[in-house]
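Below are the chains, spelled out letter by letter.
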Amino acid sequence: MNNSKLDVFIRPIAARLQANHMSRLGIANTMRLAYFYNRLKFGRQNRWRGALYQRQLATLLEENGRLSRPPIEMKDGWALDTSMSLPYLDRVLEDSDKIIAERSGERRSSKGAYRSYFQDVWTPEDLERYPSFLDFATSSEVLSVVSYYLQSIPVLSTALPAGIRFVESNAAFDDQPDKPHDSQLYHIDYYSLPNVYILVLLRDTTPQHGPWTFLPRSVSQKARRALNYWSRQRGYRVSDEDVYSVVDRKEAIEFCYPRGTVLFIESSGCFHYGSRNSIKPRFQLMLGYTGACRTDFSEAIMPHQVYPLCDSDSRLRKIVLNKNMLG
Ligand SMILES: [Fe+2]
């Protein structure tokens, strides 16, 4: 059976398994099935990316742009960069100002839409209009961190979560601002193991902005085991009460920093929530990286994002932006 026939066969089953955050079989069971399916489809790409990481990472990074600083190391599932010195960050912030001026403060989705408090104002045309975002996402400084964490050459996600999101969180758009719901509640992402986010604050962020809030990996994993999370018995979202019944609330870290601060985090390992009662609008860039073999079915059931590529792009950039590439 070739891949296209496999896709056609699997699509309705995958849609049912993924529905309602994998509730039919439970998250862990569905992730195992999805990983099995994705290995059939992308096992070769996965092995190729792993081998490139092992044997050629230094050369690929050098070709892509020599590292200007010692690599950032994620510890306990996360790392914070407050240096404001990552390449292309200045341009990202400059372009973000234009996008915020043009699109913020207006609710674009209809009333009652999923996650009304959180809207992604990024459009596919922005990839060409504002190249700073892809330049930042594929810079050697950023990719060295993500590659090391994945022990492979990563993919800028083409399905869930979107590889690039430009997010406004705003309590004024929230149908129930006083009642945390959906991603305002603790959860661990199931898309890919591991899944790494790079979050960039596009405006100064304080507790009043509904900051992205997380527990370090070791604390999260302790809570996951204690709560039997990802099992069939437990839903995707978990109340504060349940989480803080097994870990100290003081372990929670709020991503409250000045504009231009960058957080690297394994969202598939760390409990997190965000956009809770953003009485001041929060603006955040969210980049999502996965391995070649995901643990969900989103590629089987969703259209794929295609990123622009040029002949002159480095090999590393081409590999990150083109999941199907093989040497
Ligand atoms: Fe999440």
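Along each chain, the written sequence defines residue order, and numbers are assigned to residues from 1. Only residues with pLDDT of 70 or above have their local features reported here, since the model is predicted, and side-chain atom pairs are shown and tallied only from 80 upward, although totals for entire chains, interfaces and linings are computed over all residues. To get the side-chain values, take all heavy atoms of the structure and skip hydrogens and water.

A.B. asks: Kindly report on the side chain of Ser132, identifying the contributing residues and their values.
C.D. replies: Each helix is a run of DSSP H or I of at least 4 residues and each strand a run of E of at least 2, with the numbering of both proceeding from the N terminus. With respect to the helices and strands, the residue Ser132 is situated in helix H5 (residues 132-137). For every residue, the accessible area (1.4 Å probe, protein chains only) is compared with the maximum for its type, and the residue is labelled buried under 20%, exposed over 50%, or partly exposed between those bounds. On the basis of relative accessible area, Ser132 is assigned to the buried category, the value being 0%. By the criterion applied in these results, polar contacts are pairs of N or O atoms within 3.5 Å in which, for protein atoms, one can donate a hydrogen and the other can accept it, and in which residues neighboring in sequence qualify only through two side-chain atoms. In this structure the side chain of Ser132 is engaged in a polar contact, spanning 2.6 Å, whose partner is the side chain of Asp95. Filtering out sequence-adjacent residues up to four positions away, Ser132 remains in contact with Tyr88, Arg91, Val92 and Asp95. Contacts are residue-level and defined by heavy atoms, with any inter-residue pair within 4.5 Å sufficient.

A.B. asks: Describe in detail the pairing of strand E8 (residues 262-266), supporting the description with residues and values.
C.D. replies: Across the five residues that make up E8, a large majority, five, are buried. Residues Val262, Phe264 and Glu266 point to one face of E8 and Leu263 and Ile265 to the other, with burial holding for every one of them. One ladder, built from four bridges, connects strand E1 (residues 78-81) with E8; its direction is antiparallel. Bridge assignment links Leu80 to a residue of E8, and that residue is Leu263. Across five bridges, the pairing between strand E5 (residues 196-201) and E8 is antiparallel. Paired with Leu199 across the two strands is Leu263, which belongs to E8. The pairing criterion for strands is at least two bridges between them, as found by DSSP.

A.B. asks: Explain the sheet that holds strand E9 (residues 272-273) to me, and be specific about the residues and the numbers.
C.D. replies: In a beta sheet, neighbouring strands pair by backbone hydrogen bonds and run either parallel or antiparallel. With antiparallel pairing, three strands are arranged side by side in an open sheet as E7-E6-E9. Two strands in the sheet have a free side with no partner beyond their single neighbour: strand E7 (253-254) and E9.

A.B. asks: How would you sum up the nonpolar core? Please name residues and give values.
C.D. replies: For this analysis, a nonpolar core means a set of buried residues of the types Ala, Val, Leu, Ile, Met, Phe, Trp, Tyr and Cys, connected via side-chain atoms within 4.5 Å. Core analysis: the biggest nonpolar cluster contains 47 residues, and Phe136 and Ile198 have the highest contact counts within it. In terms of residues, this core owes the most to one element, helix H2 (residues 27-64), which gives six residues. Not counting residues within four places of it along the chain, the set of residues in contact with Ile198 comprises Phe136, Val142, Val146, Val262, Leu263, Phe264, Leu285, Met286, Leu287 and Tyr289. In this structure, Ile27, Met31, Val219 and Phe255 belong to the second largest nonpolar core, which totals 33 residues.

A.B. asks: Account for the state of the cysteines, naming residues and giving values.
C.D. replies: Two cysteine sulfurs form a disulfide in these notes if their separation is within 2.5 Å. The tally for this structure, following the rule as stated, stands at zero disulfides. Take Cys256: it sits in no disulfide, and the sulfur closest to it among the cysteines is that of Cys270, at 17 Å. Classification of Cys256 by relative accessible area gives partly exposed; the value is 21%.

A.B. asks: Outline the environment of Met325, listing residues and values.
C.D. replies: One can find Met325 in the segment after helix H10 (315-321). For Met325, a relative accessible area of 23% puts it in the partly exposed group. Expressed as a C-alpha distance, the spacing of Met325 and Thr295, which sit 30 residues apart in the sequence, is 20 Å. Those residues within four positions of Met325 in sequence are excluded, and the remaining contacts are Gln45, Trp48, Lys318 and Ile319.

A.B. asks: Now, about H2: what can you tell me, with residues and values included?
C.D. replies: How far a helix is expected to stretch is found by multiplying one less than its residue total by 1.5 Å. With 38 residues, H2 should reach 56 Å at 1.5 Å per residue; the first-to-last C-alpha distance of 37 Å falls well below that figure. We define the bend at any residue as the angle between the axes fitted to the seven residues before and including it, ending there, and the seven starting there. The axis of H2 is deflected most strongly, by about 85°, at Gln56. Taken from the residues just after H2, Gly65 is the one with a positive phi, measuring 140°.

A.B. asks: Explain the packing of aromatic side chains to me, using residue names and the numbers behind them.
C.D. replies: Pairing of aromatic side chains requires ring centres within 6.5 Å, counting the rings of Phe and Tyr and the six-membered ring of Trp. Pairs whose planes differ by under 30 degrees are stacked, by over 60 edge-to-face, and all others tilted. In the structure shown here, the tally under the stated rule is 16 aromatic pairs. Ring plane angle 75° and centroid distance 6.5 Å describe the contact between Tyr130 and Phe133, whose orientation is recorded as edge-to-face. Cluster of aromatic residues (ring-pair linked, three or more members): Tyr186, Tyr229, Trp230, Tyr244, Phe271 and Tyr273. For Arg276, the ring lying beneath its charged end belongs to Tyr273, and the centroid distance is 3.6 Å. Just above the ring of Phe42 sits the side chain of Lys323; from NZ or CZ to the centre is 3.8 Å. In our convention, an over-ring charge means Lys NZ or Arg CZ found within 6 Å of a ring centre and within 35 degrees of that ring's normal.

A.B. asks: How would you explain the coordination of the iron ion if you had to name every residue and give the values?
C.D. replies: In the first shell of the iron ion, the protein supplies His187 (NE2), Asp189 (OD) and His272 (NE2), at 2.2 Å from the metal. Counted as donors are N, O and S atoms no farther than 2.8 Å from the metal, or 3.2 Å for Na, K and Ca; water is not among the atoms, and sites may therefore look incomplete. When the donor residues of the iron ion are listed from N- to C-terminus, their spacing reads H-x1-D-x82-H. Taken together, the positions of Asp189 in the loop between strand E4 (164-169) and E5 and His272 in strand E9 put the pair 83 residues apart, joining distant regions of the chain.

A.B. asks: Before we move on, can you summarise the side chain of Asp240 with the specific residues and values?
C.D. replies: Within the secondary structure layout, Asp240 lies in helix H8 (residues 240-243). Setting aside anything within four residues of it in sequence, one finds Asp240 in contact with Tyr186, Tyr273 and Arg276.

A.B. asks: How would you sum up unusual backbone geometry? Please name residues and give values.
C.D. replies: A cis geometry characterises the amide bond from Leu160 onward to Pro161, with omega recorded as -15°. The phi torsion at Asp76 lies on the positive side, around 55°, for a residue other than glycine. Checked against the element boundaries, Asp76 lands in the loop between H2 and E1. Phi at Gln151 takes a positive value of approximately 55°, unusual for a residue other than glycine.

A.B. asks: Can you break down the packing of H2 against helix H6 (residues 140-150) residue by residue, with the values?
C.D. replies: Here an axis means a line fitted to C-alpha atoms, over the contact stretch when the element is a helix, while the angle between two N-to-C directions is reported on a 0 to 180 degree scale. Between H2 and H6, whose axes approach to 10 Å, the crossing angle comes to 170°. The orientation of H2 relative to H6 falls into the category roughly antiparallel. On H6, the residues touching Tyr53, Leu57, Leu61 and Asn64 of H2 are Ser140, Leu143, Ser144, Ser147 and Tyr148. When describing relative orientation, an angle under 35 degrees is termed roughly parallel and one over 145 degrees roughly antiparallel, while 65 to 115 degrees is termed roughly perpendicular and anything else oblique.

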